[in-house]
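As a plain string of letters, each chain reads:
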Number of protein chains: 4
Amino acid sequence: MATDAAGPDGNVPVDKMPRTERGRRTQRAILDAAAAEFGEKGFHEGSISGITRRAGVALGSFYTYFDSKDAVFRALVADMSAQVRDHVAPAIRGADGRIAAERAGLLEFIRFVRTHKEIYRIIDEAEFVDPASFRRHYSTTAERIAARIRTGPEDAQAEVHAWAIMGMNVFLGLRYGVWDEDRSPEDVADVIASLLARGIFGSREGAKGAKEGI
Amino acid sequence: MATDAAGPDGNVPVDKMPRTERGRRTQRAILDAAAAEFGEKGFHEGSISGITRRAGVALGSFYTYFDSKDAVFRALVADMSAQVRDHVAPAIRGADGRIAAERAGLLEFIRFVRTHKEIYRIIDEAEFVDPASFRRHYSTTAERIAARIRTGPEDAQAEVHAWAIMGMNVFLGLRYGVWDEDRSPEDVADVIASLLARGIFGSREGAKGAKEGI
Amino acid sequence: MATDAAGPDGNVPVDKMPRTERGRRTQRAILDAAAAEFGEKGFHEGSISGITRRAGVALGSFYTYFDSKDAVFRALVADMSAQVRDHVAPAIRGADGRIAAERAGLLEFIRFVRTHKEIYRIIDEAEFVDPASFRRHYSTTAERIAARIRTGPEDAQAEVHAWAIMGMNVFLGLRYGVWDEDRSPEDVADVIASLLARGIFGSREGAKGAKEGI
Amino acid sequence: MATDAAGPDGNVPVDKMPRTERGRRTQRAILDAAAAEFGEKGFHEGSISGITRRAGVALGSFYTYFDSKDAVFRALVADMSAQVRDHVAPAIRGADGRIAAERAGLLEFIRFVRTHKEIYRIIDEAEFVDPASFRRHYSTTAERIAARIRTGPEDAQAEVHAWAIMGMNVFLGLRYGVWDEDRSPEDVADVIASLLARGIFGSREGAKGAKEGI
DNA sequence: AATGAATGAGAATTCATTCAT
DNA sequence: GATGAATGAATTCTCATTCAT
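A quick note: this is a predicted structure, and the numbers were derived from the prediction, not measured.

A. Summary view of the overall build of chain A. Scanning chain A for helices and strands turns up nine helices and zero strands. Reading the secondary structure of chain A in the N-to-C direction produces α-α-α-α-α-α-α-α-α. Contacts in chain A between residues far apart in sequence, at least 24 positions, make up 64% of those at least 6 positions apart.

B. Looking closely at the interface of chain A and chain B. In this complex, chain A contributes 49 residues to the contact, which on the side of chain B involves 50 residues. Buried surface at the junction of chain A and chain B, both sides included, amounts to about 4,700 Å², of which 66% is carbon and sulfur. At the boundary of chain A and chain B, one finds three salt bridges. Taking the shortest distance from any N to any O, the salt bridge between A:E159 and B:R175 comes out at 3.1 Å.

C. Just the side chain of D:E102, in detail. Residues and elements named next belong to chain D. Residue position: E102 is located in helix α5 (residues 98-115). Residue E102 is classed as buried on the basis of its relative accessible area of 6%. Those residues within four positions of E102 in sequence are excluded, and the remaining contacts are I145, R148, I149, I165 and L196.

D. Representation of the domain arrangement of chain A. Residue and element names in this part refer to chain A. For chain A, the domain assignment lists domain 1 (14-71) and domain 2 (76-212). Measuring from the centre of the C-alpha atoms in domain 1 to the corresponding centre in domain 2 gives 30 Å. Contacts between domain 1 and domain 2 engage twelve residues on the former and seven residues on the latter. Here domain 1 meets domain 2 over a buried area of about 790 Å², counting both sides, of which 61% is carbon and sulfur. The largest share of the area that domain 1 buries against domain 2 comes from A35, G39 and F43, three residues that together contribute 42% of it. Summed over the shared surface of domain 1 and domain 2, the result is one salt bridge. Residue D79 is joined to R28 by a salt bridge in which the shortest nitrogen-to-oxygen separation is 3.6 Å. Linking domain 1 to domain 2 there are two residue pairs in polar contact (both at pLDDT 80 or more). In terms of residue count, the dominant contributor to the side of domain 1 that touches domain 2 is helix α1 (residues 21-45) (eleven residues). Here the residues of the side of domain 1 that touches domain 2 sort into five nonpolar, three polar and four charged.

E. Region of interest: the packing of aromatic side chains. This model, assessed by the stated rule, comprises 44 aromatic pairs over all chains. Look at C:F62 and C:Y63: their rings are 5.0 Å apart centre to centre, the planes differ by 75°, and that puts the pair in the edge-to-face class. For C:F62, a relative accessible area of 0% corresponds to the buried category. An aromatic cluster is defined as three or more aromatic residues linked by ring pairs; in this entry it consists of A:F134, A:Y138, A:W163, A:F171, A:W179, B:F134, B:Y138, B:W163, B:F171 and B:W179. Sitting above the plane of the A:F43 ring, A:K69 keeps its charged end 4.5 Å from the centroid.

F. A look at the interface of chain D and chain C. Contacts between the two partners involve 50 residues from chain D, matched on the other side by 50 residues from chain C. When the two sides are added together, the surface that chain D and chain C hide from each other amounts to roughly 4,700 Å², 66% of it contributed by carbon and sulfur. At the junction of chain D with chain C, the criterion picks out three salt bridges. Run the count over chain D and chain C and you get nine residue pairs in polar contact (both at pLDDT 80 or more). For the side of chain D that touches chain C, the leading source of residues is helix α8 (residues 158-179) of chain D, giving 17 residues. A class-by-class count of the residues in the side of chain D that touches chain C yields 28 nonpolar, eight polar and 14 charged.

G. Inspection of the UniProt feature "DNA-binding region" (unreviewed entry) in chain A at higher detail. Per the UniProt annotation, the sites labelled "DNA-binding region" (unreviewed entry) are residues 47-66 of chain A. Helix makes up 60% of residues 47-66 of chain A and strand 0%, whereas the separation of the span's terminal C-alpha atoms amounts to 14 Å.

H. A look at the confidence of the model for chain A. All names here are of chain A. Chain-level pLDDT for chain A is 88 on average; 87% of the residues reach the 70-or-more range. Within chain A, no element has a lower average pLDDT than α1, which sits at 91, and none a higher one than helix α8 (residues 158-179), at 98. Across residues 1-7 the pLDDT falls below 50, and counting only partners more than four positions away or on other chains, this stretch makes 31 contacts in the model. Below a pLDDT of 50 lies the segment residues 205-214, which in the model reaches 19 contacts outside its immediate sequence neighbourhood of four places, other chains included.

I. Spotlight on the pattern of salt bridges. Applying the stated criterion across every chain, the model contains 64 salt bridges over all chains. Across the salt bridge formed by C:E181 and C:R114, the nearest N and O atoms sit 3.6 Å from each other. You can see C:E181 sitting in the loop between α8 (158-179) and α9 (185-198) and its partner C:R114 sitting in helix α5 (residues 98-115), a full 67 residues away along the chain. Note that D:R54 is salt-bridged to D:E37, the shortest N-O span being 2.7 Å. Of the two residues, D:R54 is situated in helix α2 (residues 48-55) and D:E37 in helix α1 (residues 21-45); the sequence distance between them amounts to 17 residues. Residue D:E37 is classed as buried on the basis of its relative accessible area, which comes to 2%.

J. Looking closely at the relation of the copies chain A and chain B. Between chain A and chain B, the superposition needs a rotation of 179° and an axial shift of 0.0 Å, giving an RMSD of 0.2 Å. Such a combination of rotation and displacement between the chain copies is what one expects of a two-fold axis.

K. Quick look at helix α6 (residues 118-129) of chain D. Counted at 1.5 Å a residue, the expected span for α6(D) with its twelve residues is 16 Å, and the 16 Å between its end C-alpha atoms agrees. With ten of twelve residues buried, α6(D) is to be regarded as a mostly interior element. Taken together, the buried positions of α6(D) are D:I119, D:Y120, D:I122, D:I123, D:D124, D:E125, D:A126, D:E127, D:F128 and D:V129. Lining the buried residues of α6(D) we find α6 (118-129) of chain C together with α1, α4 (69-94), α5, α7 (131-149) and α8 of chain D.

L. Spatial organisation of the UniProt feature "domain: HTH tetR-type" (unreviewed entry) in chain A. Mapped onto this numbering, the UniProt entry gives "domain: HTH tetR-type" (unreviewed entry) at residues 24-84 of chain A. Helix makes up 82% of residues 24-84 of chain A and strand 0%. Its end C-alpha atoms lie 23 Å apart.

M. Local environment of the relation of the copies chain D and chain C. Rotating chain D by 179° about the axis while translating it 0.0 Å along that axis superimposes it on chain C, leaving an RMSD of 0.2 Å. Interface residue correspondence from chain D to chain C reaches 100%, placing this contact among same-surface, isologous pairings.

N. Region of interest: empty space enclosed by the protein. The final tally for this structure, using the stated rule, is four cavities of 30 Å³ or more. For the largest cavity, the calculated volume is near 220 Å³. Contributing to the lining of the largest cavity are 16 residues, with A:D124, A:F171, B:D124, B:V170 and B:F171 lying nearest its centre. Residue assignment for the lining of the largest cavity shows that the elements contributing at least two residues are α6 (118-129), α7 (131-149) and α8 of chain A together with α6 (118-129), α7 (131-149) and α8 (158-179) of chain B. Tallied by class, the residues present in the lining of the largest cavity amount to twelve nonpolar, no polar and four charged. Approximately 190 Å³ is the volume attributed to the second largest cavity. Together, 16 residues line the second largest cavity, and C:D124, C:F171, D:D124, D:V170 and D:F171 are the ones closest to its centre. If you list the elements that add at least two residues to the lining of the second largest cavity, you get α6, α7 (131-149) and α8 of chain C together with α6, α7 and α8 of chain D. Residue classes in the lining of the second largest cavity are distributed as twelve nonpolar, no polar and four charged.

About the thresholds
Residues numbered from 1 in each chain as written. Chains lettered and ligands numbered in written order. Predicted model: local features only at pLDDT ≥ 70, side-chain atom pairs only at ≥ 80, totals over all residues. Heavy atoms only, no water. Helix = DSSP H or I, 4+ residues; strand = E, 2+ residues; numbered from the N terminus. Contact = heavy atoms within 4.5 Å. Buried area = accessible area lost by both parts, 1.4 Å probe. Salt bridge = Lys/Arg side-chain N within 4 Å of Asp/Glu carboxyl O. Buried < 20%, exposed > 50% of the residue type's maximum accessible area, 1.4 Å probe, protein only. Domains from an automatic or database assignment. Polar contact = N/O pair within 3.5 Å; in protein donor to acceptor, adjacent residues only side chain to side chain. Nonpolar A, V, L, I, M, F, W, Y, C, P; charged D, E, K, R; others polar. Phe/Tyr/Trp six-rings, centres within 6.5 Å; stacked < 30°, edge-to-face > 60°. Lys NZ or Arg CZ within 6 Å of the ring centre and 35° of its normal. UniProt positions renumbered as here; feature names shortened; annotations may be inferred. pLDDT = per-residue confidence, 0-100. Least-squares fit on C-alpha atoms with pLDDT ≥ 70 in both. Expected span 1.5 Å × (residues − 1). 1 Å grid on protein atoms, 1.4 Å probe; cavity = no way out; pocket = protein on both sides within 12 Å on 5 of 7 lines; lining within 4 Å. Points joined across faces, edges and corners; volume = space filled by probe spheres on them.

Here it is, written out as C-alpha cells:
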C-alpha cells in the first residue's frame, strides 16, 4: 500500500499514526473493512458501525485511527489510486513502444479491476464525497498518460488524447472488468491498440501493429 | 422532454399523474427544482425540502407527484438521459460520414454539458442511488454508438469501439465542458475525429479528414 | 341501519344531512367504504383517501358528509352497535325462557359476527379512538342483558351476571366466529346454555335443559 | 418479569441486548416508560419522544435498545402478559378445588388490574398493532384455563368453557377493576364462583359452595 | 488502546383537512 | 355537490461523533 490513512490530501494526520504494532494492525483492519463496506454499500449507505463490525473492533476504536467518516474515505481513495498505479506502472514501463505501452496499461487495468471491483464505487463516489480527491485522481492520471504520449513540447494534442485514453480505459474497465467478463482483457486491449495505431476503421482490418511496437 | 416523473424505469406511476393543468405545472416545477437541487448538492446532501423550497410549493406537495426521494431522482436520470440524446441526435443525423457523425456527437455533447453542468452529478450519482438507471443509460448509449459505427453483422469490434468512444466523450465532456473551458469544443472534436480516423499518432499531422467526411 | 352518521353520540349533525337522494346514496357509500377500510386496516392505518377510493368518490367529497375521520368512526360504531342489536333482538324475544333467551342471543351473535368479522376491529378500536362510544356500547349491552335476567328489584347479582355473559359472548364470538369456525354456533350455544343452567361441571353431563326452556 | 424487550415473539434481538449493567438499567427504564406512555395515551398517540422523556434518556438511546416503536410494544405485551400470569398463578395453585381455583384466578386478576389499569389499553391495542401478540396472549391464557378445568381427555366442552371463563374475567376486570370499583373483588368472585358451580339461577340463593371447595 | 453507551441534529414521509374551481 | 391539488404539522428512525470506564 502506498498511503495509510487520511488528511486533506489523503494522508493520515500524525496524531492518528499508530505507535505500536498492534495499533498498526488495527488500523489496517479498519481500512480494509472500509474498502469492503464502501465498495459494497457506497459511502452514504455504508456506516462506521458497519466498518467496525467487519473489522472486528469496537465502534469507538474507529476514532482512534481516523478523524471522521470522510477521512477514511479520503484515505481509501488515495490508497486505491496508488494501488492501480503501482499495479499498472511496471507493465507500462516494460512495454516496447508507445502504443504497446498504452495497450499494456489498459490490459493491466482491466485485470486489476476484475479483482478489485470495488474500485469504481470508491473512486467514482469521491466525486460527491470529496471532489478534490476525485479531481486529483483523474488529473494526475491524465498527466501521466500525457507525459507518455507527448511527441514534443509543442504537442498540443497530447492532453486531449490523454483524457480520451483515460476515458476509454475507465469505461472499458467498467464494461469488461466489472459488469461482465464476456471478452478477454487481451482482446479488448488489442482492439484499442489498433484504434490508437490506425484509427477506428483502419483497425477493422486487424490490430497487429500494436504488438510490433510502433 | 421524454418522461415526466419516476417508476422503476423512470416513469411516473399512474396514481401520481396530474389530472389537471395546474397539477402538470406543479409537477414540472418540482422536477426542475430537483435537477437544480441535486445538481448543486448531490443526491444525499440534497433534500426534499430544498426541492420544494426551490419549486415554491409546500413540502407535502412533493408527495402529490413523486413517491419518494429516489423516485424523483430516477425521473431525473431518465429526463436528463433523454435530453442529451435529443440534443445530440439531430447533429449526428445531419453529419456526412461516420467519423463526422462521431465528431458531431462529441461536439454537441460538450456544448450541451457546458450549459447543463449538473448532468454529471446526476447521472454519475445514479451509480449509487439507482444502479439500474445508471446501467441503462450507458448501455443504451453504447448500443446507439455501436449501431452507427458497425461495418457489418460480423463486426466484432464495434462494441468495444462504442464503449471506448463513449468513455472518451464522457471524460472529455467532464474536462472541457464542466471543469474548464480552456479549449474550444470544436478543437477537441477535431482532435478526436482525427484520432478515430488515423490513430493517435497519425492524427498529429492534423485532423482535417473528418471534415471531408470519411 | 339504525343511525346514519356521527355527532358526539354517533349521529350525524344536521348540517351534514344529505338533502337529495343522490347525496343520500353517496353518504351511504362512504359509510360502507369506511366499514371496509377500518375493518381491514383499523382506524389508524385506515385513511380517508382509502375510504373515498373504495367509495368511488373524490377525496374532498368525504367532508361533505362527515366532519372528520373521528366522526365517521363514531357513526360506524353506532351503526354496527345497532346492527348487532337489531339482528339479535328478535331471536331473544322469541325464546322460551330465560336460559333459552341467552342461548339464542349467543347463537345469533356468533352467526352475525361470522358474516361481519369487521365488527370486532371497529368496536374494539373504539376503546382507543372514542372511549365514550366504546363504553356506551358495552354499558347499554350489559344493561339489556341484566334487564332480561334480573329476578327482581333486589337481585344484586344480575349486573355481575350480565357482564359475565357479555364477556363470554364477546370472546366466544371472537374465537368461534372470527378466528376459526371449527365448531358450530349451535354447539357453542348449547354448552353455554348448560353452563348457565347448571354450572360448569353440572353441564358436563349434557346441555339439554336449555332447550326445554328453564 | 419474564422477557425484557421485543422480537417477533416479544423477545429482544441479540444485537440489542445490553452488554453492561448500565445498559441493562437504561433498557429497563425505557420499557417502564413505554408502559406508562402507552397505558396513558395508547400506542398511536404515544410517541417515542414521550417514552424517552419519561425515561430521562436521549431520543436516540431508544434505538440502542429497541428496533422500532412496534418492537417496544411487542416487548411490553409479552411483559404484561407474563406479569398477570405470574401474579395470578400462585393463588390458583393454592386453591382447594376447581371452582375455588377459578374464583381465586378472577379475584387476583381484578386485584391486579386495579393496580395496573394500563394493561387493558396495552393488551387490547395489540389487536391492532400486533395481532400475533394479541392472539398469542389470549390463546395461551385460554389453554391454561382449559387445562385446569378439563375433566378428562374426552372433555370436549373444556375449550368452550375456558374461553367463556376468560371472557367473563376480562369483562369483569374491566368493569369492576378499571372503570369502577363500586363492588369488591371478593364479591364479584363469589358471584362467579357460584355461577360456575350451580348455574346462573342456582346461584341466586347464594354462592357458598365455592368456598367449600367443589 | 479498547470498549460500547449516550447523544441529538437531521430528514423522509404521512395524511387529515382546507379550498379554489 | 363534486373534484383533486395544496398544505404543513407531526413523528419515526438513522448514525456520526463524543465520552466515561
